[in-house]
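# Tertiary structure, described
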Amino acid sequence: MSKEDTDSNASTRIFGLKRKALDQINLLLGSGLTKRPKKEDALLEGFRKRLATFHAGKWKNDKELNPRRLAERGWRLLDATKKTIKCDACGFYLSSALPDITTVDVNVYNRCLKKVYESLETCHEKTCTAKSRRPNFFPHFNEKREIRDIFNARLDNMKGVRIFEGTEIMEEGLDSTIVTNLFPDESVDLRLKKLVVTGWEKEYSERVRCSLCLRSMTMDVSFVPSESHHSWCPYLDLNDGESQWRRALDAVSHTTTSLSNSLSNARRTLNLSLSSSSLSIE
Ligand SMILES: [Zn+2]
Ligand SMILES: [Zn+2]
């Protein structure tokens with residue numbers, strides 16, 4: 001093998017190794033990954049707008065027909081007294097009125113409820129998009145980065161919330177160390193950080209709000225973040241009982257481990273690259 005061949009092999013190898021290191025660094029920086037499409041944001045925004053109509057109409061049937069279930073399937077409240085709802089996408093109307101449970105047989109009541117449930121799915125135009133396009137309550141494009149972005153933006157905003165000295169934010173099983181590791185800025189009150197990870201954002205200077213169930217709260221002496229959401233809030237139950245905020249917190253708090261793994265990999269690759277370079281110099 002000629003000296004030129006050896007030189008060219010070494011440079012190809014160095015090039016390959018450096019390329020690999022660059023890929024790993026890019027991975028760490030999260031560059032080149034897809035962003036959440038605008039369509040997804042529009043779906044979530046539509047959901048919020050429909051949900052707001054139920055809150056505005058002081059919707060009562062929270063237990064059997066919670067507004068999330070209705071708004072997710074495209075329905076908005078049109079007439080609170082008659083319980084008329086309308087599909088945003090196809091314009092179909094539906095009466096969601098149920099008989100008074102205290103005056104009818106429980107079987108009759110359940111039959112009526114079942115019928116309303118079915119209608120929520122079937123009472124749409126054939127081509128209605130609301131039937132197939134449900135909002136996604138969990139970041140699923142570039143999950144960790146998206147969660148971090150949401151957390152950081154929310155915390156930035158949360159800095160403007162006035163929280164009384166005596167107010168305790170009590171969330172069982174929420175580890176303060178994990179929260180502190182996630183937001184190392186010591187100038188920000190730990191209580192605000194805890195609110196951020198449990199799904200709360202600033203509404204006014206003394207009020208916080210949930211962006212998924214739209215509940216607005218002031219904080220008294222003690223505030224239990226998870227119990228302050230509406231019982232049907234996606235933050236508490238993503239779909240099958242899994243809590244959105246716990247899953248999101250788990251996803252990003254494990255990042256530290258994978259981050260250090262990726263860093264070690266990058267360092268090993270760079271070390272190799274350096275020793276190859278020195279070999280080719282000799
Ligand atoms: Zn429809
Ligand atoms: Zn909520």
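It should be emphasised that the depicted structure is a prediction, and the values quoted were computed from it without experimental measurement.

As a further point, take the nonpolar core. Within the largest apolar cluster, 24 residues are counted, with the highest numbers of intra-cluster contacts made by Met158, Leu192, Leu195, Val196, Cys210, Cys233 and Tyr235. Taken together, the elements giving at least two residues each to this core come down to α5 (143-158), α7 (190-197), β6 (207-210) and α8 (244-253). The residues contacting Leu195, other than those within four sequence positions of it, are Met158, Ile169, Trp200, Val208 and Pro225. Core analysis: the next-biggest nonpolar cluster, separate from the first, contains 13 residues, Phe54, Leu70, Trp75 and Val116 among them.

Next up on the list: the packing of α5 against α7. For the pair α5 and α7, the least separation of the axes is 9 Å and the interaxial angle reads 135 degrees. One finds that α5 runs oblique with respect to α7. Note that α5 runs across α7; the crossing there is right-handed. Contacts from Phe151, Arg154, Leu155 and Met158 of α5 reach α7 at Leu192, Lys193, Leu195, Val196 and Val197. Across the contact of α5 with α7, the residue classes break down as seven nonpolar, no polar and two charged.

On to the pairing of strand β1 (residues 75-79), then. Sheet analysis places β1 next to strand β2 (residues 84-87), joined by four bridges and oriented antiparallel. Opposite Arg76, over in β2, you have Lys86 as the bridge partner. In textbook terms, the turn of a hairpin is the stretch between consecutive antiparallel strands, and for β1 and β2 this stretch comprises four residues, one of which, Lys83, has a positive phi near 60 degrees.

A separate point is unusual backbone geometry. You will see that Lys58, though not glycine, has its phi angle at about 50 degrees, which is positive. At Leu214, a residue that is not glycine, the phi angle is positive and equals roughly 65 degrees. With respect to the helices and strands, the residue Leu214 is situated in the loop between β6 and β7 (216-218).

Among the eight residues that make up α7, seven are buried, leaving the element largely enclosed by the rest of the structure. Taken as a whole, α7 has its buried residues at Arg191, Leu192, Lys193, Lys194, Leu195, Val196 and Val197. Where the residues of α7 are buried, they touch α5, β4 (168-169), α6 (176-182), β5 (200-204), β6 and α8. Positive phi appears at Gly199, one or two residues downstream of α7, with a value of about 100 degrees.

Rules and cut-offs
- Residues numbered from 1 in each chain as written.
- Chains lettered and ligands numbered in written order.
- Predicted model: local features only at pLDDT ≥ 70, side-chain atom pairs only at ≥ 80, totals over all residues.
- Core = buried A, V, L, I, M, F, W, Y, C linked by C-beta atoms within 7 Å.
- Buried ≥ 20, exposed ≤ 12 C-beta atoms within 10 Å, placed from the backbone.
- Helix = DSSP H or I, 4+ residues; strand = E, 2+ residues; numbered from the N terminus.
- Contact = placed C-beta atoms within 7 Å.
- Axes fitted to C-alpha atoms, helices over the stretch in contact; angles between N-to-C directions.
- Parallel < 35°, antiparallel > 145°, perpendicular 65-115°, else oblique.
- Left-handed = near helix turned anticlockwise from the far one by under 90°.
- Nonpolar A, V, L, I, M, F, W, Y, C, P; charged D, E, K, R; others polar.
- Pairing = 2+ DSSP bridges.

Treat this as a map of the structure, not an account of what it does.
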